[in-house]
Amino acid sequence: MIYFDNAATTKVSDNAAKKAFEVMTEFYGNPSSVHDFGYEAEKLLKEARKTILSKLGSVDRNDDFIFTSCGTEANNLAIFGALGARKHGGKTVFFSDSEHASVYAISKELEKNGYNVRYIPTKNGLLDLDFCKNNFTKDTVLISCMYANNETGAVYDINALDSLRKKLCPEAVLHTDAVQAFCKTEKPLCRCGADLISISGHKVHAPKGSGGLFIKAKTRITPLLLGGGQEKDIRPGTEALPAICAFAQAVLETDEKSNIKTVEQVRDHLVLMLSEKLAQVKINVPENFSPFVLSLTLPGIKSEVMLRYLSAKGIYVSAGSACTSKHRENRVLSAFGLDFKNADCTIRLSFCEYNTKDEADEFVKALSDGISSLVSQK
Ligand code: PLP
């Protein structure tokens, strides 16, 4: 099997799986229980929080990290939570036009709720900063822009948004959905200037069921759920300690420098092979990009058809993001600059450090065979 769908989800690392099992079977106390067994669980929870904050590069003791069930929940908590704490603030909110469904759906809900929702263009993966300069005003209450795009790999300049925010709308809160960037950048994410950062465990070799929100010191946020006082009174519900500890274990094991190098080698090799052997495949390269995601437009073959062809050969890739794969129109690829026809023929490859150049070679061979056989069937 060749698994090039790591932006959808990743294999759980052996040590993370062992950690989850250990916590389930040996440290199954409730972190909120007042007895010693609960205290042991609470200690593990605190350690996990410290590990994640440290990986994010936090240096302020008043920064916080709230565990959630996934990146989608972290995005909801960030945006609705920040707006809930600013009910008397401005009514204009900005999103990039390429957000993941879990943020885009929120933007649509805010439109219904009377917010003035604006979308920052991201043609070729580049944030339109002139648009921001001309439109950020004192009425701006929130700016949300993803760090790395899950379909194109585009990396957006969150620091530039932070500078404009500070100049034009200092009261606004800045959120970034960094689900595709966490543990995949050499620069610690905290340095991007965002007040709120969403991340997800299952994208970095942890089990599904863990994610969270980084909250910069002094950033106000209201809870979305009612219940007990877990997670600093921000996210009630008994913490999923096995998944959380496995998340921290996976994060501890991550070596960004070496992972980025490995992934770059595989990606660059694949790009070279494609340009030498399959020049008719268009490689969609954003201005700034993460090597973990590669977007390819096929010559007149629908992505779904090629996906099934490759899947039958044990090669797993995706068409756009897994979460939007049932929808016809591709909002993100169209924002990038692809017309409907090309977007419909675009596949996404996403890598992790377990992938190899040999897999890249096998993929190119299978894609080449697929193109020949599918074109001849037309
Ligand atoms: N944000 C981005 C950019 C993503 O790629 C994804 C998942 O693909 C999510 C958010 C949602 O994360 P989760 O699956 O943990 O809810």
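Residues numbered from 1 in each chain as written. Predicted model: local features only at pLDDT ≥ 70, side-chain atom pairs only at ≥ 80, totals over all residues. Heavy atoms only, no water.

*Asks:* Mind showing me how you'd approach the layout of surface pockets here?
*Replies:* Empty space left among the atoms is revealed by rolling a probe the size of a water molecule over them. Put simply, the second largest pocket is a space of about 400 Å³. Residue lining of the second largest pocket: 19 residues in total, with Lys 46, Arg 49, Leu 53, Asp 64 and Lys 232 positioned closest to the centre. Looking at the lining of the second largest pocket, the element that brings in the most residues is helix H2 (residues 36-56), giving 7 residues. Residue composition of the lining of the second largest pocket, by class: 3 nonpolar, 5 polar and 11 charged. (1 Å grid on protein atoms, 1.4 Å probe; cavity = no way out; pocket = protein on both sides within 12 Å on 5 of 7 lines; lining within 4 Å. Points joined across faces, edges and corners; volume = space filled by probe spheres on them. Helix = DSSP H or I, 4+ residues; strand = E, 2+ residues; numbered from the N terminus. Nonpolar A, V, L, I, M, F, W, Y, C, P; charged D, E, K, R; others polar.)

*Asks:* Please explain the domain arrangement of the chain as it appears in this structure.
*Replies:* Many descriptions give the size of an interface as the accessible area lost when the pieces come together. Taken as a whole, the chain is organised into domain 1 (2-8 + 255-376) and domain 2 (14-252). Relative placement of domain 1 and domain 2: their C-alpha centres are 28 Å apart. Counting from both sides, the interface comprises 28 residues of domain 1 and, opposite them, 27 residues of domain 2. Between domain 1 and domain 2 the total buried area reaches about 2600 Å² when both faces are included, carbon and sulfur atoms providing 54% of it. For Glu 256, the salt bridge identified is with Lys 55, shortest N-O distance 3.1 Å. (Domains from an automatic or database assignment. Contact = heavy atoms within 4.5 Å. Buried area = accessible area lost by both parts, 1.4 Å probe. Salt bridge = Lys/Arg side-chain N within 4 Å of Asp/Glu carboxyl O.)

*Asks:* I tried to follow the site of the ligand on my own but got confused; where do I start?
*Replies:* Taken together, 15 residues form the shell around the ligand, and within it Thr 72, Asp 177, Gln 180, Ser 200 and Lys 203 come nearest. Between the ligand and the protein, one listed contact pairs an oxygen atom with a side-chain N or O atom of Gln 180 at 2.7 Å. Protein contacts shield 93% of the accessible area of the ligand, which totals 390 Å² for the unbound molecule. Of all the elements, helix H3 (residues 71-84) adds the most residues to the shell around the ligand, at 3 residues. The class makeup of the residues in the shell around the ligand is 4 nonpolar, 9 polar and 2 charged. (Near = heavy atom within 4 Å. Polar contact = N/O pair within 3.5 Å; in protein donor to acceptor, adjacent residues only side chain to side chain. Areas by Shrake-Rupley, 256 points an atom, 1.4 Å probe, with all protein chains shown as cover.)

*Asks:* Before we go on, may I ask you to explain the pairing of strand S10 (residues 293-297) in this structure?
*Replies:* The two faces of the sheet receive side chains in turn, since in a regular strand these alternate between them. Of all 5 residues in S10, 5 are buried; the element is thus mostly enclosed. Going residue by residue along S10, you find Val 293, Ser 295 and Thr 297 tucked away on one face and Leu 294 and Leu 296 tucked away on the opposite face as well. One ladder, built from 3 bridges, connects strand S9 (residues 282-284) with S10; its direction is antiparallel. Bridged to Lys 282 within S10 is Thr 297. (Buried < 20%, exposed > 50% of the residue type's maximum accessible area, 1.4 Å probe, protein only. Pairing = 2+ DSSP bridges.)

*Asks:* Just to check I follow, could you spell out the packing of aromatic side chains for this structure?
*Replies:* By convention here, two paired aromatic rings are described through the distance between centres and the angle between planes. A complete count under the given rule lists 9 aromatic pairs for this structure. Between Phe 4 and Phe 351, the aromatic rings sit 5.1 Å apart at their centres with planes inclined by 80°, giving edge-to-face as the arrangement. Taken as a pair, Phe 4 in the loop between strand S1 (2-3) and helix H1 (14-26) and Phe 351 in the loop between strand S12 (346-350) and helix H12 (357-377) lie far apart in primary sequence, 347 residues in all. You can call Phe 4 buried: its relative accessible area is 0%. (Phe/Tyr/Trp six-rings, centres within 6.5 Å; stacked < 30°, edge-to-face > 60°.)

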